[in-house]
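What the coordinates show
Residues per chain are reported as follows:
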Amino acid sequence: ELEAVGHEVADIETKRGDSDPSYRVRPEIFLLEARALLAEQENDSAGAERLLRQAVGLEEKLPIAFGPPMIDKPTHELLGEFLLRHGRKDEAHAEFEKALARTPGRRPAERGFEATSAGATSRGSR
């Protein structure tokens, strides 16, 4: 059902002809995130990571007109949480850092950044 609704929203937004692709792409990002979380629950970590990285790629292509694109769960943040759950602290730290660059002050990203700061090899300034 989620996939069907996502396609419907994308079709409606395409017909509107808005030059901002955010509302056309947003359902696809949401669907990729949902599929990634399901894949992780099914112990398919590689598949989950692949889907999350696809979502990150789509979000990064969206324009930033008046702040970051409106994504329900920012993709760098979700990928960071995934990597942290799988013991990849340094990689997670980098994703939380990217998330905070796009969505400064977002509490889940800040908590993830703090959780990965101790011992992270790539410390950056925010």
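Residues numbered from 1 in each chain as written. Predicted model: local features only at pLDDT ≥ 70, side-chain atom pairs only at ≥ 80, totals over all residues. Heavy atoms only, no water.

Another point: helix H2 (residues 22–41). Taking 1.5 Å as the rise per residue, H2 with 20 residues should run 28 Å; its terminal C-alpha atoms sit 28 Å apart, in good agreement. Along H2, the residues classified as buried are Ser 22, Val 25, Pro 27, Ile 29, Leu 31, Leu 32, Glu 33, Ala 36, Ala 39 and Glu 40. Just downstream of H2 lies Asn 43, where phi reads positive at about 60 degrees. (Helix = DSSP H or I, 4+ residues; strand = E, 2+ residues; numbered from the N terminus. Expected span 1.5 Å × (residues − 1). Buried < 20%, exposed > 50% of the residue type's maximum accessible area, 1.4 Å probe, protein only.)

So, about the packing of helix H5 (residues 89–102) against helix H6 (residues 107–117). A pair of packed helices is characterised by two quantities: the angle between their axes and the separation of those axes. Two elements in contact, H5 and H6, have axes whose closest approach is 8 Å; the angle formed by their N-to-C orientations is 145 degrees. Relative to H6, the crossing made by H5 is left-handed. Listed contacts from H6 to Lys 89, Ala 92, His 93, Phe 96, Glu 97, Ala 99 and Leu 100 of H5 are Pro 108, Ala 109, Glu 110, Gly 112, Phe 113, Ala 115, Thr 116 and Ser 117. Partitioning the contact of H5 with H6 into residue classes produces 8 nonpolar, 4 polar and 3 charged. (Axes fitted to C-alpha atoms, helices over the stretch in contact; angles between N-to-C directions. Left-handed = near helix turned anticlockwise from the far one by under 90°. Contact = heavy atoms within 4.5 Å. Nonpolar A, V, L, I, M, F, W, Y, C, P; charged D, E, K, R; others polar.)

Once that is clear, we can look at H6. Turning to H6, its buried residues are Ala 109, Gly 112, Phe 113, Thr 116 and Ser 117. Within H6, the buried residues cover an arc of 135 degrees as seen down the axis, which keeps them to one side. For H6, the exposed residues set more than 90 degrees away from the buried face come down to Arg 107, Arg 111 and Glu 114. Buried residues along H6 sit in contact with helix H4 (75–85) and H5. (Arc of directions from axis to C-beta.)

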